[in-house]
Amino acid sequence: MKTPDLKKRKYAKPLPSVVIAGANFGGLKAAVSLPKRFNVTVIDPEPYFEFSPNIHELISGLKTPEMLRFSKQKAINRSGHHYLQETVTAILPEQKKIITTSGSTLSYDYCILSIGGQNNTAVVKGAEKHAMPFKSVRQCYDIAKRIEILTSGKRKISIVIAGGGFEGIEALGEILRKYKNSRGLQVHIVEKQKRLMADTPTDIDSEIRRLCNDFPVTFHTGKTITRVWKHSVDLSDKSKLSSQVTIWNIGTRPPDILYESKLTDAPNQWLNVKSTLQHMAYPEIFAAGDIAGMPFPLRKQAYHALDMGKTGAENIIRKHAGRKLKAFKPSSKPMLVSFGDLDAFLIDKKIVVAGPAIGLLKEAVFHYVMTDLDPSGAFLKAIHTSERATAAAIKLASTMTVSPAALAKLGKVRIIK
Ligand SMILES: Cc1cc2nc3c(=O)[nH]c(=O)nc-3n(C[C@H](O)[C@H](O)[C@H](O)COP(=O)(O)OP(=O)(O)OC[C@H]3O[C@@H](n4cnc5c(N)ncnc54)[C@H](O)[C@@H]3O)c2cc1C
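This is a predicted model, so every value here is computed, not measured.

**Concerning the sheet that holds strand S12 (residues 157-162)**
Argument step 1. Taken in spatial order, the five strands of this open sheet run S11-S18-S12-S13-S14, and their pairing is parallel. Strand pairing shows two members of the sheet lacking a second neighbour, strand S11 (132-133) and strand S14 (217-221), which therefore form its edges.
Argument step 2. Pairing geometry for S12 and strand S18 (residues 245-248), over four bridges, is parallel. Looking at S18, one finds that Ile161 is bridged to Ile247.
Argument step 3. The strands touched by helix H7 (residues 166-179) within the sheet are S12, strand S13 (185-191), S14 and S18, with S13 carrying the most contacts at an inclination of about 170°.

Here it is in structure tokens:
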């Protein structure tokens, strides 16, 4: 029998410790990319990973909460790491420590912050109390149930969507998918910019308005909401809209904890990092996902968060081995925006390709990413995907090569100029 080498065990170096705060796109990808030779603890109060790019489909019932989620605990344990279902309440960068809700203190050699953004309801009076944020599965499901109950009666119902960016447009699309023929329904979109989805390269605005011609939708562009009440909203042009459901879709803001932990110079700032994703002053702290303030403009998107999580993990491995770190280079993947069963858009740097067939691609990306992060859940998601996606869409989703020929394989598409 082999005698255990006690001397060796006693003096063996402890494993380098990594604490990851936040375990959705950025944090979970970082966790599954770190090998077991690191002692990794992942902290997040929410037990389920949530695929936010498709949460709007809860409104029409096309997706159920179960389809959009899986257990963080299982995915993290599968990678050989530890999951702590708590909230990080403070980061002490000088001491390399993290404090959680229960008062636990965790020391780290390396840390990845991936806690995303905070709901933006505090910016308008009454929104915190009366508006319904649109960021998580639970929030969207609550919106879906509320609309369902209100439309089941004979009363007129008015829905206001605050924000005509891509999330607001996707919400509108799902409301129309399910309720476009409901009597007594009126939907209002309020958008600060003059155009809907103003940061897209071509005129999606007139496409959306054209698609809504026959439906009870009113667009209020170039206006803002100045006050939210229980059953109405006030607009900057002094008009008032009746609203039984006010959906809050005006983006997110940086988490307060960053400034409270002295990781930013001022409140309401994203975590400024170098291209290696390292904090400017604390090189052992990395950022992944929406929380990162990059040295170049970058959309806050799930596919960037995933890539940052991977790069952050790889850079920790490199740093620990004394190797040069690599810069995060954003991929040039296009954005996919669905508009219910009416249309869908693929938005690249300069062109926009449209057609319901693009919706297949979005569905295939959902399937591809969920299966990648949670291989055990493939079956459940495949049931849904098989109804809509084609082999061509799945293949495209894995590479996201945007060639007109590849897109044409999905079905009829058109280029918007
Ligand atoms: C409605 C909607 C539609 C979208 N559509 C698309 C799309 O089509 N394509 C696309 O690419 N992107 C889309 N996005 C953006 C995408 O969801 C985000 O870019 C992505 O979720 C960012 O990932 P993240 O990991 O940085 O943050 P998040 O996904 O926000 O995750 C943050 C995690 O941190 C946890 N957390 C928060 N605070 C703490 C704390 N103090 N301690 C510990 N844990 C904490 C949270 O519970 C959460 O699990 C959409 C977003 C929304 C809201």
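**Here's the deal with unusual backbone geometry**
Argument step 1. Despite not being glycine, Lys96 shows a phi value in the positive range, around 55°.
Argument step 2. As for its position among the elements, Lys96 is in the loop between strand S6 (88-92) and strand S7 (97-100).
Argument step 3. One non-glycine residue, Asn268, lies in the positive phi region at around 60°.
Argument step 4. Here Asn268 lies in the loop between helix H9 (256-260) and strand S20 (271-272).
Argument step 5. On the basis of neighbour counts, which here come to 12 C-beta atoms within 10 Å, the residue Asn268 falls in the exposed class.

**Comments concerning the site of the ligand**
Argument step 1. Taken together, 33 residues sit near the ligand, with Gly22, Asn24, Pro53, Gly116 and Gly289 positioned nearest.
Argument step 2. Residue composition of the shell around the ligand, by class: 16 nonpolar, 11 polar and six charged.
Argument step 3. Split by domain, the shell around the ligand shows at least three residues from each of two domains, domain 1 (14-52 + 70-117 + 254-320) and domain 2 (121-248).

The rules behind each value
Residues numbered from 1 in each chain as written. Predicted model: local features only at pLDDT ≥ 70, side-chain atom pairs only at ≥ 80, totals over all residues. Pairing = 2+ DSSP bridges. Helix = DSSP H or I, 4+ residues; strand = E, 2+ residues; numbered from the N terminus. Contact = placed C-beta atoms within 7 Å. Axes fitted to C-alpha atoms, helices over the stretch in contact; angles between N-to-C directions. Buried ≥ 20, exposed ≤ 12 C-beta atoms within 10 Å, placed from the backbone. Near = placed C-beta within 6 Å. Nonpolar A, V, L, I, M, F, W, Y, C, P; charged D, E, K, R; others polar. Domains from an automatic or database assignment.

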